[in-house]
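# Residue-level structure breakdown
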Amino acid sequence: MRPVLITVGATIFGLLPLAIHGGALWEPLCFAQIGGLAFATMITLVLVPILYAIFVVDLRIVRWPGGAVAAGPAPGAVALSEVA
């Protein structure tokens, strides 16, 4: 999640000078790009995991090869508290 937020934040921060002082052509274009980046980032970080949880974990509409459910620890996994 951190690389996505850093990339989007740097791009939006880089577009702000053009959005504020870019002139008649650049200002609307930069505001459209900033809005699109913010909207797409929220969809990527919020909506996609929610849909994944609903369709794969809860409803089990999508099944992975071998019948394993994607959520939870792998069979035979050792918890960190057991290692120490």
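Within each chain, residues carry numbers counting from 1 in the order of the written sequence. In view of the model being predicted, local features appear only for residues whose pLDDT reaches at least 70, and side-chain atom pairs are presented and counted only at 80 or more, with totals across whole chains, interfaces and linings using the full set of residues. The side-chain values count all of the structure's non-hydrogen atoms but skip hydrogen atoms and water molecules.

## With respect to the overall build of the protein chain
- Working definition: helices are DSSP H or I runs of at least four residues, strands are E runs of at least two. Numbering for both runs from the N terminus. Tallying secondary structure elements over the protein chain gives three helices and zero strands in all.
- Listing each helix as α and each strand as β along the protein chain from the N terminus yields α-α-α.
- Contact criterion: two residues are considered in contact whenever any of their non-hydrogen atoms come within 4.5 Å of each other. For the protein chain, the proportion of contacts with a sequence separation of at least 24, taken over those separated by at least 6, is 27%.

## Quick look at helix α1 (residues 2–21)
- How far a helix is expected to stretch is found by multiplying one less than its residue total by 1.5 Å. End to end, α1 covers 29 Å across 20 residues, agreeing with the expected 28 Å (1.5 Å per residue, within 8%).
- Consider a residue and the seven residues that end there alongside the seven that start there; fitting an axis to each set, the bend is the angle between those axes. The largest bend along α1 measures about 30° and falls at Leu15, with the proline Pro17 one to four residues further on.
- Relative accessible area decides the class of each residue, using a 1.4 Å probe on protein chains only: under 20% of the type maximum gives buried, over 50% gives exposed, and in between gives partly exposed. Turning to α1, its buried residues are Val8, Leu15 and Ala19.
- Buried residues belonging to α1 abut α2 (23–58).
- Phi for Gly23, located one or two positions after α1, is positive at around 100°.

## Notes on the confidence of the model for the protein chain
- Think of pLDDT as the predictor's per-residue confidence, scored from 0 to 100. Chain-level pLDDT for the protein chain is 82 on average; 77% of the residues reach the 70-or-more range.
- Mean pLDDT in the protein chain bottoms out at helix α3 (residues 80–83), which sits at 53, and peaks at α1, which reaches 94.

## Overview of the packing of α1 against α2
- Packing of α1 against α2 leaves a shortest axis separation of 8 Å and a crossing angle of 160°. Accordingly, the angle class assigned to the pair α1 and α2 is roughly antiparallel. The hand of the α1/α2 crossing is left-handed. The residues of α2 that touch α1, namely those facing Val4, Leu5, Val8, Thr11, Ile12, Leu15, Leu16, Leu18, Ala19, Ile20 and His21, are Gly23, Trp26, Glu27, Cys30, Phe31, Gln33, Ile34, Leu37, Thr41 and Leu45.
- Lys, Arg, Asp and Glu make up the charged group, whereas Ala, Val, Leu, Ile, Met, Phe, Trp, Tyr, Cys and Pro make up the nonpolar group; the residues left over, Gly among them, are polar. Here the contact of α1 with α2 is composed, by residue class, of 15 nonpolar, five polar and one charged. Between the N-to-C directions of two axes lies an angle of 0 to 180 degrees, each axis being a line fitted to C-alpha atoms and, for a helix, fitted only over the stretch in contact. Convention used here: angles under 35 degrees read as roughly parallel, angles over 145 as roughly antiparallel, angles from 65 to 115 as roughly perpendicular, and any remaining angle as oblique. The hand of a helix crossing depends on one turn: near helix anticlockwise from the far one by less than a right angle means left-handed, and clockwise means right-handed.

## With respect to α2
- Its 36 residues give α2 an end-to-end C-alpha distance of 50 Å, which sits within 8% of 52 Å, the value for a rise of 1.5 Å per residue.
- Remark: the principal bend of α2, roughly 30°, maps to Thr44.
- Here α2 has its buried residues at Cys30, Ile34, Thr41 and Val56.
- Residue Arg60 follows α2 closely and has a positive phi angle near 55°.

## Some words on the side chain of Thr41
- Structurally, Thr41 can be placed in helix α2.
- Polar contact criterion, stated in full: a pair of N or O atoms within 3.5 Å, where within protein one must be able to donate a hydrogen and the other to accept it, and residues adjacent in sequence count only if both atoms are side-chain atoms. At a separation of 2.6 Å, a polar atom in the side chain of Thr41 contacts the main-chain carbonyl oxygen of Leu37.
- Not counting residues up to four positions away in its chain, the partners in contact with Thr41 are Val4, Leu5 and Val8.

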